[in-house]
Amino acid sequence: MTLVLIVALVTGAILCGIGVYGALSQTNLVMIMMGVELILAGALVNLVAFWRFLHPESYSGQMFVLVVMTVMAVEMAVGFGVAIARFRAKGSVEMEEAGDLKG
Amino acid sequence: MYAQAFFVAVFGLAAIGFGVVVFRTSSMVRSALALLFSQTAVGCMFLAMQTEFLGVLQIMMMATEMSIMAIFMVMFMMDPGGMGGMDMTHQKRFSIGAGVVAAGVAIVVAFWADWGPVTAEAPDAAMQTRALGMELLGRSMLIFETAGITILTAMIAATAVAIPVQTTANSADKEDTE
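These numbers come from a predicted model, not from an experiment.

A count of helical and extended segments in chain B gives 7 helices and 0 strands. Sequence-ordered secondary structure for chain B, helices as α and strands as β, is α-α-α-α-α-α-α. Within chain B, buried positions represent 29% of all 178 residues. Within chain B, residue pairs in contact and separated by at least 24 positions form 57% of the contacts whose partners lie at least 6 positions apart.

Below, the structure is given as structure tokens:
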């Protein structure tokens, strides 16, 4: 059983690593959001594996998964709102051209 | 046990493979579809780990979310089909280093940590769904309600941000044309 837990945790870790690479390397806002989605997917895999193999009697683990899914939905909604506003103002969602957003 | 490990590994490899494709292809529509397949593979991992409700929820939610994302990609990208061969990356070496370090640290923790006794049996699907419902409407109700309010707030905030600002100059121009 530990084998399955380790397989799930390693998968989550690699998904998180790919997401970090994507979020840092992409210049487009929508692609950056895709990277963040992959990081959160890695977190989801870990949470489900922890619930299933370590504490299946406590449903707070599944509750955490629902909270992370909420964060994913909120990130998408706010991210697309910002993308639309930016596209209207500047005609592009390239982050290389968004230096004026710096405080 | 080995069957479960096999299916978790297969779907895990699919999730990782499609995750890599997201940032390897130059077509943005293909990127969105690859992310959809990656998230679906994650949902299938949940099913393989006997977490039926969350697995189905993940697949349904991500199918909708990634379809919307594909539409936005086509709307906003300068080269959505990837025909121009534009490079839309920066600080590549630093990003690869950060990704490798993040994954490496998590893998080391996964192998070195003492996870304690591992449970072989999971509750059946009907029992899980019932118990999660009781959890949502019992002990964790405040968290559940907060999540709902947060999504509602985000929807209103996103709509408010996306609506074009009506300046006085724009209004005057409109009145002149009328």
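Listed by partner, the interface residues are 63 residues for chain A and 69 residues for chain B. Of all the secondary-structure elements, those providing two or more residues to the side of chain A that touches chain B are helix 1 (2-25), helix 2 (29-53) and helix 3 (60-90) of chain A. A class-by-class count of the residues in the side of chain A that touches chain B yields 47 nonpolar, 12 polar and 4 charged.

An α-helix turns once per 3.6 residues; consequently, residues spaced three or four apart project the same way. Along its 22 residues, helix 6 (residues 141-162) of chain B runs 32 Å from first to last C-alpha, staying within 8% of the 32 Å computed at 1.5 Å per residue. Those residues of helix 6 of chain B lying buried are B:Ala147, B:Ala154 and B:Ala158. Looking straight down helix 6 of chain B, one finds that the buried residues subtend no more than 25° of arc, so they occupy a single side. Counted as exposed and oriented over 90 degrees from the buried face of helix 6 of chain B: B:Met141, B:Leu142, B:Glu145, B:Gly148, B:Ile149, B:Leu152, B:Ile156, B:Thr159 and B:Ala160. The elements touched by buried residues of helix 6 of chain B are helix 3 of chain A.

The next thing to look at is unusual backbone geometry. Residue and element names in this part refer to chain B. In this structure, Gln50 is a non-glycine residue whose phi angle is positive, near 65°. By the secondary structure assignment, Gln50 is in the loop between helix 2 (28-48) and helix 3 (52-76). The exposure class assigned to Gln50 is partly exposed, which follows from the 17 C-beta atoms found within 10 Å. If you check the backbone angles, Gln91 has positive phi at about 35° while not being a glycine. Mapped onto the elements, Gln91 comes out in the loop between helix 3 and helix 4 (92-112).

Moving on: the domain arrangement of chain B. If you check the domain split of chain B, you get domain 1 (1-80) and domain 2 (124-164). Placing the centre of domain 1 of chain B and that of domain 2 of chain B at their C-alpha centroids yields a distance of 22 Å.

Take the UniProt feature "transmembrane region" (unreviewed entry) in chain A next. Residue and element names in this part refer to chain A. When the UniProt feature table is mapped to this numbering, "transmembrane region" (unreviewed entry) covers residues 6-24, 31-51 and 63-85. Taken end to end, residues 31-51 is 100% helix and 0% strand, and its two terminal C-alpha atoms sit 31 Å from one another. Along residues 63-85 one finds 100% helix and 0% strand; the C-alpha atoms at either end are 33 Å apart.

What follows concerns the nonpolar core. The biggest cluster of nonpolar side chains holds 71 residues, and the ones touching the most others in it are A:Ala8, A:Leu15, A:Val30, A:Val45, A:Val48, B:Met45 and B:Met73. Counting only elements with at least two residues in this core, the list comes to helix 1, helix 2 and helix 3 of chain A together with helix 1 (2-24), helix 2, helix 3, helix 4 and helix 6 of chain B. There are two domains that each give this core at least three residues, and those are domain 1 (1-80) and domain 2 (124-164) of chain B. With near-sequence residues (within four places) excluded, B:Met45 lies in contact with A:Ala8, A:Val45, B:Val8, B:Phe11, B:Gly12 and B:Ala15.

What follows concerns the UniProt feature "transmembrane region" (unreviewed entry) in chain B. Residues and elements named next belong to chain B. The positions that UniProt labels "transmembrane region" (unreviewed entry) are, in the present scheme, residues 6-25, 32-49, 55-74, 94-113 and 142-165. For residues 6-25, the end-to-end C-alpha separation is 28 Å, with 95% helix and 0% strand making up the annotated structure. The distance from the first to the last C-alpha atom of residues 32-49 is 26 Å, and the span holds 94% helix and 0% strand.

Turning to the environment of A:Leu101, a few remarks are in order. Structurally, A:Leu101 can be placed in the segment after helix 3. Along the sequence, A:Leu101 and A:Ala49 sit 52 residues apart, while their C-alpha atoms lie 39 Å from each other.

Here we come to the environment of A:Val48. Within the secondary structure, A:Val48 is located in helix 2. According to the C-beta neighbour criterion, A:Val48 is buried, with 26 such atoms within 10 Å. Along the primary structure A:Val48 and A:Thr2 are separated by 46 residues, whereas in three dimensions their C-alpha atoms are 14 Å apart. Setting aside residues no more than four positions away along its own chain, A:Val48 makes contact with A:Val65, B:Phe46, B:Met49, B:Thr51 and B:Leu54.

The rules we used
Residues numbered from 1 in each chain as written. Chains lettered and ligands numbered in written order. Predicted model: local features only at pLDDT ≥ 70, side-chain atom pairs only at ≥ 80, totals over all residues. Helix = DSSP H or I, 4+ residues; strand = E, 2+ residues; numbered from the N terminus. Buried ≥ 20, exposed ≤ 12 C-beta atoms within 10 Å, placed from the backbone. Contact = placed C-beta atoms within 7 Å. Nonpolar A, V, L, I, M, F, W, Y, C, P; charged D, E, K, R; others polar. Expected span 1.5 Å × (residues − 1). Arc of directions from axis to C-beta. Domains from an automatic or database assignment. UniProt positions renumbered as here; feature names shortened; annotations may be inferred. Core = buried A, V, L, I, M, F, W, Y, C linked by C-beta atoms within 7 Å.

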